[in-house]
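Descriptive analysis of the structure
The lines below spell out each chain.
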Amino acid sequence: MPAHRINDVPLVMFLMTHAYFCFYHALSNVMLRRVRTGLACSSRLVRRTAMGAVVFLLSYATAYMETLTISHYPYYKFVDRSKMYTIGSLFYAIYFFVSFPMFFRIDEDAPPRGKTWSLGEVAVDGLGASMLVTILLDLWRISLGPVVDTETYGLPWM
């Protein structure tokens, strides 16, 4: 049965993305909450190191598992499957390196003076996180280049 498509991807997949990301971030909050409460009596350095390690591992695992699960979907093709699973998943994890702590912060940490987050504050934090992800992805593109070998990469004048 033919479906409505955008860039040859069924429209329903765009709608499912929201559900996937809600699940990933809700699960990350559970894990990060466990680390924070489990290490509440530890030093600040230990807590921050543990949170950073959990964010990194959870980000990479999420990106890897999503790459692995979509690999059999007929609308995705990989030039080099091995590099996409390992290096491509690390590139994709950049999104989660930023979004997991930001989502945790918005969900768990109350703003000063006990008030709730306003829609504007959440929007500004979300847009800031998006900009940080864009910068990190661009730094990867400029400094490390593509996951698979291509003719050119980086800035056109370099």
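Notes on the structure follow. These figures come from a predicted structure and were not determined experimentally.

The rules behind the values
Along each chain, the written sequence defines residue order, and numbers are assigned to residues from 1. Side-chain atom pairs in this predicted model are given and counted only at pLDDT of 80 or more, local residue features only at pLDDT of at least 70, and totals for whole chains, interfaces and linings cover all residues. With hydrogens and water excluded, all non-hydrogen atoms of the structure serve as input to the side-chain values. Numbering of helices and strands runs from the N terminus, with a helix taken as a DSSP run of H or I at least four residues long and a strand as a DSSP run of E at least two residues long. To sort residues, take the accessible area from a 1.4 Å probe on protein chains only and compare it with the maximum for the residue type: under 20% means buried, over 50% means exposed, and anything in between is partly exposed. Each accessible area is a Shrake-Rupley result for a 1.4 Å probe, and residues are judged covered by the shown protein chains and nothing else. Throughout, a residue-residue contact means that at least one pair of heavy atoms, one from each residue, lies within 4.5 Å. What counts as a ring pair is set by centres within 6.5 Å for rings of Phe, Tyr and Trp (its six-membered ring), and what kind of pair is set by the plane angle: stacked under 30 degrees, edge-to-face over 60, tilted for all other angles. Lines fitted to C-alpha atoms define the axes, with helix axes restricted to the stretch in contact, and inter-axis angles between N-to-C directions lie between 0 and 180 degrees. Convention used here: angles under 35 degrees read as roughly parallel, angles over 145 as roughly antiparallel, angles from 65 to 115 as roughly perpendicular, and any remaining angle as oblique. For any helix crossing, the convention is left-handed if the near helix is rotated counterclockwise from the far helix by under a right angle, and right-handed if that rotation is clockwise. Any residue that is not Ala, Val, Leu, Ile, Met, Phe, Trp, Tyr, Cys, Pro, Asp, Glu, Lys or Arg is counted as polar, Gly included; the first ten are nonpolar and the last four charged. To estimate the expected span of a helix, subtract one from its residue number and multiply by 1.5 Å. Definition used for salt bridges: Asp or Glu carboxyl oxygen within 4 Å of a side-chain nitrogen of Lys or Arg.

Turning to the overall build of the chain, a few remarks are in order. If you tally the helices and strands in the chain, you get 4 helices and 2 strands. Put simply, the chain has 158 residues, and 27% of those count as buried. Carbon and sulfur atoms make up 69% of the accessible area of the chain, which totals about 11,100 Å².

For the rest of this paragraph, the subject is the side chain of Ser59. Inspection of the secondary structure assignment puts Ser59 in helix α2 (residues 44–70). Since its relative accessible area comes to 0%, Ser59 is described here as buried. In this structure, Ser59 is in contact with Val54, Ala93, Phe96, Phe97 and Phe100, ignoring residues within four places of it in sequence.

Here we come to the packing of aromatic side chains. Under the criterion given, the structure shown has 10 aromatic pairs. By way of ring pairs, the aromatic residues Phe21, Tyr24, Tyr92, Tyr95, Phe96 and Phe100 are connected into one cluster.

Looking now at the packing of α2 against helix α3 (residues 81–108). Interaxial distance between α2 and α3 falls to 7 Å at its minimum, and their mutual angle equals 130°. With respect to their mutual orientation, α2 and α3 come out oblique. When you trace α2 past α3, the crossing you get is right-handed. Counting all contacts with α2, which are made through Met51, Val55, Phe56, Leu58, Ser59, Tyr60, Thr62, Ala63, Tyr64, Glu66, Thr67 and Leu68, the residues of α3 involved are Met84, Tyr85, Thr86, Ser89, Leu90, Tyr92, Ala93, Phe96, Phe97, Phe100, Pro101 and Phe104. Along the lines of polarity and charge, the residues of the contact of α2 with α3 split into 18 nonpolar, 5 polar and 1 charged.

This next bit is on helix α4 (residues 119–143). A rise of 1.5 Å per residue sets the reference length of α4, with its 25 residues, at 36 Å; its end C-alpha atoms lie 36 Å apart and thus fit the reference within 8%. Every buried residue of α4 is listed here: Asp125, Ala129, Val133, Leu137 and Trp140. Check the buried side of α4 and you find it contacts α3. One or two residues past the end of α4 sits Gly145, with phi positive at roughly 85°.

Turning to the packing of helix α1 (residues 11–38) against α2, a few remarks are in order. Running from N to C, α1 and α2 point in directions that differ by 155°, and their axes come no closer than 10 Å. By the angle class used here, α1 and α2 are roughly antiparallel. The handedness of the crossing between α1 and α2 is right-handed. Each of Tyr24, Ser28, Met31, Leu32, Val35 and Arg36 in α1 lies in contact with α2, whose residues at this interface are Ala50, Met51, Val54, Val55, Leu58, Thr62 and Glu66. In terms of residue class, the contact of α1 with α2 is made up of 9 nonpolar, 2 polar and 2 charged.

By the definition in use, this model includes 2 salt bridges. Asp125 is paired through a salt bridge with Arg105; the nearest N and O atoms lie 2.3 Å apart. Placement of the pair is Asp125 in helix α4 and Arg105 in helix α3, with a sequence separation of 20 residues. Residue Asp138 is joined to Arg141 by a salt bridge in which the shortest nitrogen-to-oxygen separation is 2.8 Å.

Among the secondary structure elements, Thr62 is positioned in helix α2. Beyond its immediate sequence surroundings of up to four residues, Thr62 is in contact with Tyr24, Phe96 and Phe100.

Everything listed is a geometric property; what it means functionally is a separate question.
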